[in-house]
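# Observations on chain architecture
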Number of protein chains: 2
Amino acid sequence: MTKRWARRVEVATTEVSDERLGGIDAWWRAANYLSVGQIYLLRNPLLREPLSRDDVKPRLLGHWGTTPGLNFLYAHLNRVIAERSQRTIYIAGPGHGGPGMVANSYLDGTYTDFYPEVSRDEQGLQCLFKRFSFPGGIPSHVAPETPGSIHEGGELGYSLSHAYGAAFDNPDLLVFAVVGDGEAETGPLATSWHSNKFLNPVTDGVVLPVLHLNGFKIANPTVLARIPEEELAALMEGYGHRPYIFTAGFDDESHTSIHRRFASLLDEVLDEIADIRGSAAQVDAESVERPRWPMIVFRTPKGWTGPKTIDGNKTEGSWRSHQVPLASARDTAEHLHDLDAWLKSYRADELFDEAGRLREEIAELAPPVGLRMGELPEANGGLIREDLRLPDFRDYAVEVPTPGGSVTEATRQLGTWLRDVVKLNPERFRVFGPDETASNRLQNIYEVSGKQWLAEYESPDVDQFLVRKGQVVEMLSEHQCQGWLEGYLLTGRHGLMSSYEAFIHIVDSMVNQHAKWLKVTNHIEWRRPISSLNYLLSSHVWRQDHNGFSHQDPGFIDHLVNKKADVVRVYLPADTNTLLSTFDHCLRSKQYINVVVAGKQPNPNWLTMEEAVKHCARGLGIWDWAGTEEVGTDPDVVLAAAGDIPTIEVLAAADILRREVPDLRVRVVNVVDLMRLQDDSEHPHGLTQRDFDTIFTTASPVVFAYHGYPWLIHRLTYRRNGHANIHVRGYKEEGTTTTPFDMVMLNDLDRFHLVMDVIDRVEGLGARYAGLRQKMVDARLDARAYARKFGEDVPEVRDWVWPDAKGAVEDSAAATVATGGDNE
Amino acid sequence: MTKRWARRVEVATTEVSDERLGGIDAWWRAANYLSVGQIYLLRNPLLREPLSRDDVKPRLLGHWGTTPGLNFLYAHLNRVIAERSQRTIYIAGPGHGGPGMVANSYLDGTYTDFYPEVSRDEQGLQCLFKRFSFPGGIPSHVAPETPGSIHEGGELGYSLSHAYGAAFDNPDLLVFAVVGDGEAETGPLATSWHSNKFLNPVTDGVVLPVLHLNGFKIANPTVLARIPEEELAALMEGYGHRPYIFTAGFDDESHTSIHRRFASLLDEVLDEIADIRGSAAQVDAESVERPRWPMIVFRTPKGWTGPKTIDGNKTEGSWRSHQVPLASARDTAEHLHDLDAWLKSYRADELFDEAGRLREEIAELAPPVGLRMGELPEANGGLIREDLRLPDFRDYAVEVPTPGGSVTEATRQLGTWLRDVVKLNPERFRVFGPDETASNRLQNIYEVSGKQWLAEYESPDVDQFLVRKGQVVEMLSEHQCQGWLEGYLLTGRHGLMSSYEAFIHIVDSMVNQHAKWLKVTNHIEWRRPISSLNYLLSSHVWRQDHNGFSHQDPGFIDHLVNKKADVVRVYLPADTNTLLSTFDHCLRSKQYINVVVAGKQPNPNWLTMEEAVKHCARGLGIWDWAGTEEVGTDPDVVLAAAGDIPTIEVLAAADILRREVPDLRVRVVNVVDLMRLQDDSEHPHGLTQRDFDTIFTTASPVVFAYHGYPWLIHRLTYRRNGHANIHVRGYKEEGTTTTPFDMVMLNDLDRFHLVMDVIDRVEGLGARYAGLRQKMVDARLDARAYARKFGEDVPEVRDWVWPDAKGAVEDSAAATVATGGDNE
C-alpha cells in the first residue's frame, strides 16, 4: 500500500511496462466496444452470430464522438489510481459520453454491483446494450443513474465548478475533471478555470483539469481547437495553470506508443501534484501560496477509432462523429457492413471469454475494490453525509415583548446563528456567495471564519476577512457559487448560497438541472439522500428602490415551483425569529431545494421565538392579535400576507381599518411556507381543502399581499373553493429608483391601497366609506409628492409602529444599531 | 476633416500639447465634480454658499468607486474622436458608474439636448444633481435614460457581447468597451473575450476592450487584480489580444504626466487599429485573417481622487469607495467637512463660469456635433433602423390539400424563407445560435450565407459553411448569442436567435434585463423603437425523448410572461404555414420579445396558407373541420390545443371520439398566440370576455392540451367565466429517455388520456362509455410495453393520420424527405 499524493518513483521505480500498456489498450478497446455496442446493438452483443439488421436498434440514439477519448483517460487513470492508492473521482464534462462512463463502470465491476441484472457475462452484455438510451432503460448522457458520477451531462458548462466544489475540504481526493471543448465555450466554464484561486493546497483536494480538445461540436469546430497552440497555452497560463499539451491519433503512431507517452505524461503530472502537495505540507494552511497547478490539453480526433469516412465524408476527426455516425446501419447493407467492421476492429474475442466475461488479465487493471471510480462514496455523497451539528436556534431569538415591539435586521441575526454553525462544522459547511455575504448582512460569520482566498494579498486594511482557509467562498459569479455548492453537497457536505433576489435568475438553468438530479435520485435506491441546496435571497425586490428597476425581480420562486413538488420548498419568513426557525429546518433537510427570501433592513419583529416555531410548523396561520374578528363567525374580510414587506403593509392596513372602520371584522393571515397554499394532492406541504377553507373562508373576500408576482398565488390556489374571492397584490414589474414606500405604491401593494381594496371588495363598505377611500387616495398622492420633494418617505410611514407596540419600540430604539452602507 | 481609422500621424504631427492635456484634466475634474455632486448634493450645486447639511441629500444613493476611471477614459476619448473623426460609442460595463456617464453627456451638451430642463447653467446643475437616484428622477446606474448608452448597467457580464453585437456590420464604428474587473469574474464576460474570433476586420467595426482594473468589488478584491501581471497578460494573449497595461494613481505622479502617458498610449493603440484596418483593406473580406486586436488594462485606484481615508480607514484604492464613501455627510461635521474638501479639490470655479456654464475652453474638447458619444444614432438604434426587406412568406407555403394531408418539417421550411430574408438583407439581418442552426433545421440559410468564423480553418470537408463574412454566427454559449443579438438590435438592426427550448433558460436573467430595457424605453420619448428580439425555440420538450430529462423544460414561456405585457409575445404555431405567417409577423414587429416554439420533426400540416394567415390574425380559433358540433348549440366538450404536439394529440383524440362516441358534440380549438387567453385588461392581445366565452363556452368542460407547464394556462385564464371548467394537460416534469409517444403518455397528454379526460368530464359519458375508457387504459399499457420491447412507438400511433387525409398523405409520402441525424 502506498501513500496518497505520492510520486511514482516512491511507488514504482521502473517505466510502465509494455505488458501493462497492452493491458491499458485492451481495456480501452473493451470500453470502446461496449460503447459502440450500447449505441447500436439490440442483441447479438458479442457478434457470435453474423451481424444482421435485426441486431441493430430501430432508433439509434446516443453520442459516439467524445466517448473514445473519455474511455482512453479512464483506462489510464485506473493504472495510476491502483499504483498510488489515490482516491479519485472522474467528472465527465462532455456528458454526451454516457456510454463510455457506463462501459468503464461495467468493466471494473461496479455497474454490476449496483445493477445485478447487468451481470458479467453475455446475458449481462445483452442487457447493458439494450437498456442504453432505450425506453425503460438508462439515459444516453452521464446521469444520476451512472455509477461514480456527480455530474449530469445534459446541460454544459459546470464540470469545473462541480469539480472544485467536490475538492473543497476533501484533502485526500483527486478530482479528475474532463472539460469538453464545446463546453469550454460556455460562460460558466470560461470563468470556472479561476477556481484555482480559491483552493487551498493543504486542506482541500486537488483538481486536475483535462481539456478534451476533440475539435468539434454538433456542426462546428470548437474555438479552442482553432487558435494557435501558443495562444491556447497562454490562455491556460493566464488562468493560472501549467499546461501539458498531449496530441495523438492524427497520424500513424501506434497505440502502444501513444499509451506510453500518455502514461508517462500522467505520471509526470501526478508527480508534480505530489511535489506541490509535499511542499504545501511543509507550511501551514494559512501560509501556503497558490501553486501553479498542472492541467492537460488532450487533443485527439473526435470519434477516435471510429469509421474514418462514411459515404465518402470524413467522419473520424470531424463533427460527423458527434452522434451516431452510421445512421442507416439498419437500413443499408453498406452501413451494416461498416458497423460490423468497426465493432470487429476492437477484437472482442481477445477481450471477453467464452461466457462473455472480461478476461482476468484485463480486469486486473481496475483499481482494487474500494478505489474503483464507480464506487467512491464521494460520488454518492449521501453515503458519507453526516448531519450538521446545529446550535439551538432558540438561543438566538430576538426579544419581542409585544408584536411589533422590537426592530432588528433579520439576516444579521441569522448571521450570528450561522457563525456558530460555521464554527461547529469546520470541515463540512460552507457559505457561497457572489460578493454579497456582508451586503446581505451575514458578516458576523467572519468572527469565526474568513473568506477563502488564494490569490494575492495586498494589505490587511483592504483585505479584511480574507484567509487562505475559510468557510466562506466568494466570487462575482453566481454560476461559480452555484456549481461549487452543488459539488460540495453532492459529495456529502452542507452549505448555502446567499444572493440578491433579482440576480439568482442567472442560475435558473443550473437549478433546473439540480432539481432534475434530485428528482431522479429519489427513485434510485443506491443513491443516498444529500443535503438540501439552500438559498438565502436577500436584497429583495422591495428594497431595491435605490438600485432601481434592473435589480427588481422576484420571479425565481415562479421558476422553481415548476419543478417537481417533492424537491421544492419556498419560505417567506416575516421576521427574525421566523427566519431563524425556517433556516434551522432547511439545514436539517435533505433532497430539497429550499428558497428563503428575507430582507436585510431593520424590520419590526412580530413573533416571539415560541410563536415563530409554531408558525413555521404550521406554515401559515391566523394572527389573532392583529385582527378584529369575532369568535364563531367568518370575518368580513381576510387580509393575508406572504413576505416581510407585505406583512408590514397588511398590518398597517389592519391598523387603519381598526381605527377607521371599527365594526369591520378583519382576519389577518400570514404565510411563511408558500407551498401550503397548494392542494395537498399537488404538493406534500399543501393544506387540505378543509383547512384552507377554515383559514381563508369560502365566501369572504381575501386581499392577499404577496412578495412576488401576484399570478403565482392564483396558480397555487386556483383549485381552492374560495379562489374567486382571492384578490392578490404583488410586484407587477413597476419599479424604478425611488423610496421604499414608493416601490410598494407603484405596485399597489401599499397599506393605503390595501384599505381601498377592502372597501371595494367588502359588500356595503363602498357606499359607507367613500370618504375613507378618498383619504387613502390622497394619502398616496401626498406620499408620492413628499418623496419627490425630499427624497425619502413621509414620516407617517417611516415611523409607523404597530399601535399596541409603541412603548416597547421606544424602549428598544436606543438599542437599535444604526445602519449605514446598506445599499449595495 | 480626417478619415476614420486614420493613424495619428496622418491627422496631427505633433505630440499632444500640454495645453490640450490641461484641457483633458479640466474635463476630467469637471466630470468628477458633477459625479460627486449628483451623489451628494440636493442644492447649492456650485458651493456658492458654504456647504451645509441641508445641502446634502437625506438618502445617499449611488456608486462612486468606478466613476472617476470612467470619466478619465471619456475625457481622453473625446480628444481622439475629434482628431480622427472616429464614430465611437462607449459601453460602460461597470454600470454603477451612472453618474459619470451622465456627467460627461451633460458636459458635451447632449444631455441638455435630450432633457432641456437640465440647462447648461447653475439651475440646470441643480436639476441634474437632484434628479440623480432620486424619486421621480433617474436611476443610479447607466440606464436607458442615459444618452449614448445601449447597455443597462444593473446586471453584470454582458458589456463585451453587447459591444461585438454593435460592431457587426458597422464597419466605421469603434466600440469602446470598458469591462469592470468585478464583471470580468462572471461567466458570460469570461467567454465573451473570444468574440474576436467572430469579427471581420473588413466588414465589421472594431471593439477596443478596456479592462478597468480598479481592484475591488463591493467587499472583496477582484480576482484579475490579484494575479501576477504576467499571468494577466498571458490571459489576454490567450484570449487573442495584444494587451497594453496602463497603471496610474498609486503614487505621486502628476496628473499632467498621467494624462500624457495615457494620451500617448491611446494614440498608439488607435494607430495600431488603423494599421490593422489598413492591412485588412488590402485583402477582401473572405481572405482576411484574424488580427491580434489590441486591448488596454487600465489599472487605477477604486474611487480615484476621492477621500484617501475616512474615519481612519483607507478609502481611495479600496472597496470602501464602492458606493457612497462619506455615508454620514449629513449627520457628522467631520464627514460634511470632508465632503466639502473633496468637492473643492476639483476647483469648480476654474471649470464653470459665473452662470454655471462649462467654460468655453474646456467645452471645446468635446467632439463636434454629430460625433459626441451621447448622440450617436448607433446608440439609439431605432433612429437608423430600416424595415427589413421581406420576401412574401405566402410564396413559401407548403401544400395542404386537406387538413393533415401533407407532412413537412416546419423549421426547415422556415429556413427556406429565412434564407431569402438573409439574402435580401445582407448588412442588417443576422441569425445567432449556440451551434444549433442546422440541428434546428435552418440549414437552407447556408445556400446564401455561411457562418462567420475568423478562427483557424482546417479543410473544406470538415469546415462546411464556415466563412469569414457571413450572416450566421454560432458559438456554444447562449449568453454570447443573446448578448450579440441584443447589441445588434440596439444599434438598429434585425435578427433572431435559435436555441433548444430547455437551454434558453441559460439566458433568463439576460432576457429579464432586455425586457426591462424595452419597457423603460417605451416611456422615453427620444428613444426610438428597435426591432423585436425573436426566439425560435425548437428541439422542444416533446421531442427530447432521445436526450432525456435534462433536455426537457418548457418553462421559458412562464419566465417571460412575468414581464410587462406590452413587451412580451408567445406563439405556438401548430404547423408549417402557421409558423411562416407567425415569423413574418415577428420580423416586422418592434419593441417586443417574441418567443416562437416550433418542432423540427416531420409533422402533419393542418392549414393552407390562407387559413394560416387568418388563424394567426385571430390568434386562436375553432377548427370546424375537426369537430363534431352542431351549429347553434354549445358543444358537449371543447378540446383545445396550443403547440404542435398537443395539436396532434387533440386531433387524434377527436378522431377516436368521432368514431367511438358519434353523438358527442366536440369543438376543437387551436391557440397560436398564447396571450389571447389573457384578459384584454391584462394584455393588449387578450380576448374580450365575450369572445372568450363564445369560443370556450361558459359551461362546457374544456380539455386543454398545452405545450408547457399546465399551470400557466390557469394563470392566464383564472379570470375567465368558464375557468372552473378548464382542465389542462401539459408537461409536469415527467420525462426520461424514451420514445416520443411515451413522453406524452408520461405526462398524460396523449390522445388516449385526453379521451379518458373527456369521458370523465362530460356528464353522463362515464357510465355509458366505461368500456371505451378501459380500452384507452389498455391502449396506453400496450403502447408502453411495445416501446420497451422494440424501442419505438406502436405503429398505430406512429402511422396515425387524420382520417379525412389518408389518401392525400399517401400521395405526398413519396415526396417526403427522409430525416436522419435529427437527434442532436
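Let me sum up the structure you'll find in this document. (Residues numbered from 1 in each chain as written. Chains lettered and ligands numbered in written order. Predicted model: local features only at pLDDT ≥ 70, side-chain atom pairs only at ≥ 80, totals over all residues. Heavy atoms only, no water.)

## A few points about the overall build of chain A
Tallying secondary structure elements over chain A gives 28 helices and 22 strands in all. Relative to a compact globule of 824 residues, whose C-alpha radius of gyration would be 28 Å, chain A shows 31 Å and is just as compact. Once the C-alpha set of chain A is aligned to its principal axes, its extents read approximately 95 × 60 × 45 Å. The 824 residues of chain A split such that 71% are buried. Taking the contacts inside chain A whose residues are at least 6 apart along the sequence as the reference set, 78% of them involve residues at least 24 apart. Roughly 24,600 Å² of accessible area belongs to chain A as shown, and the carbon and sulfur atoms make up 48% of that amount. Averaging the positions of the 85 positive and the 117 negative side-chain charges in chain A gives two centres separated by 2 Å. (Helix = DSSP H or I, 4+ residues; strand = E, 2+ residues; numbered from the N terminus. Rg over C-alpha atoms; globule rule 2.2 N^0.38 Å. Buried < 20%, exposed > 50% of the residue type's maximum accessible area, 1.4 Å probe, protein only. Contact = heavy atoms within 4.5 Å. Areas by Shrake-Rupley, 256 points an atom, 1.4 Å probe, with all protein chains shown as cover. Lys, Arg positive; Asp, Glu negative; His and termini not counted. Charge placed at Lys NZ, Arg CZ, Asp CG, Glu CD.)

## A word on the interface of chain A and chain B
Taken residue by residue, the interface counts 128 residues in chain A and 129 residues in chain B. When the two sides are added together, the surface that chain A and chain B hide from each other amounts to roughly 10,500 Å², 52% of it contributed by carbon and sulfur. When the buried area of chain A at its contact with chain B is split by residue, A:Arg226, A:Leu476 and A:Trp711 rank highest and sum to 7% of it. Taken together, chain A and chain B are joined by 22 salt bridges. (Buried area = accessible area lost by both parts, 1.4 Å probe. Salt bridge = Lys/Arg side-chain N within 4 Å of Asp/Glu carboxyl O.)

## Thoughts on the relation of the copies chain A and chain B
It takes a turn of 180° to lay chain A on chain B, together with a shift of 0.0 Å along the axis; the resulting RMSD is 0.0 Å. What the rotation and shift describe, once combined, is the action of a two-fold rotation axis. In terms of proximity to the rotation axis, the leading residue of chain A is A:Gly187, whose C-alpha is 2.0 Å off the axis. A high fraction, 100%, of the interface residues of chain A reappear at the interface in chain B, so the copies pair face to face through one surface. (Least-squares fit on C-alpha atoms with pLDDT ≥ 70 in both.)

## Section: the environment of A:Glu629
Residues and elements named next belong to chain A. Mapping Glu629 onto the fold places it in the loop between β18 (620–622) and β19 (637–642). Take Glu629: its relative accessible area is 25%, and that puts it in the partly exposed class. As for Glu629 and Leu664, which are separated by 35 residues in sequence, their C-alpha atoms are 7.8 Å apart. When residues no more than four places from it in sequence are discounted, the contact partners of Glu629 are Ile622, Pro635, Arg665, Val666 and Arg667. For Glu629, the side chain forms a polar contact with the side chain of Arg667, separated by 2.9 Å. (Polar contact = N/O pair within 3.5 Å; in protein donor to acceptor, adjacent residues only side chain to side chain.)

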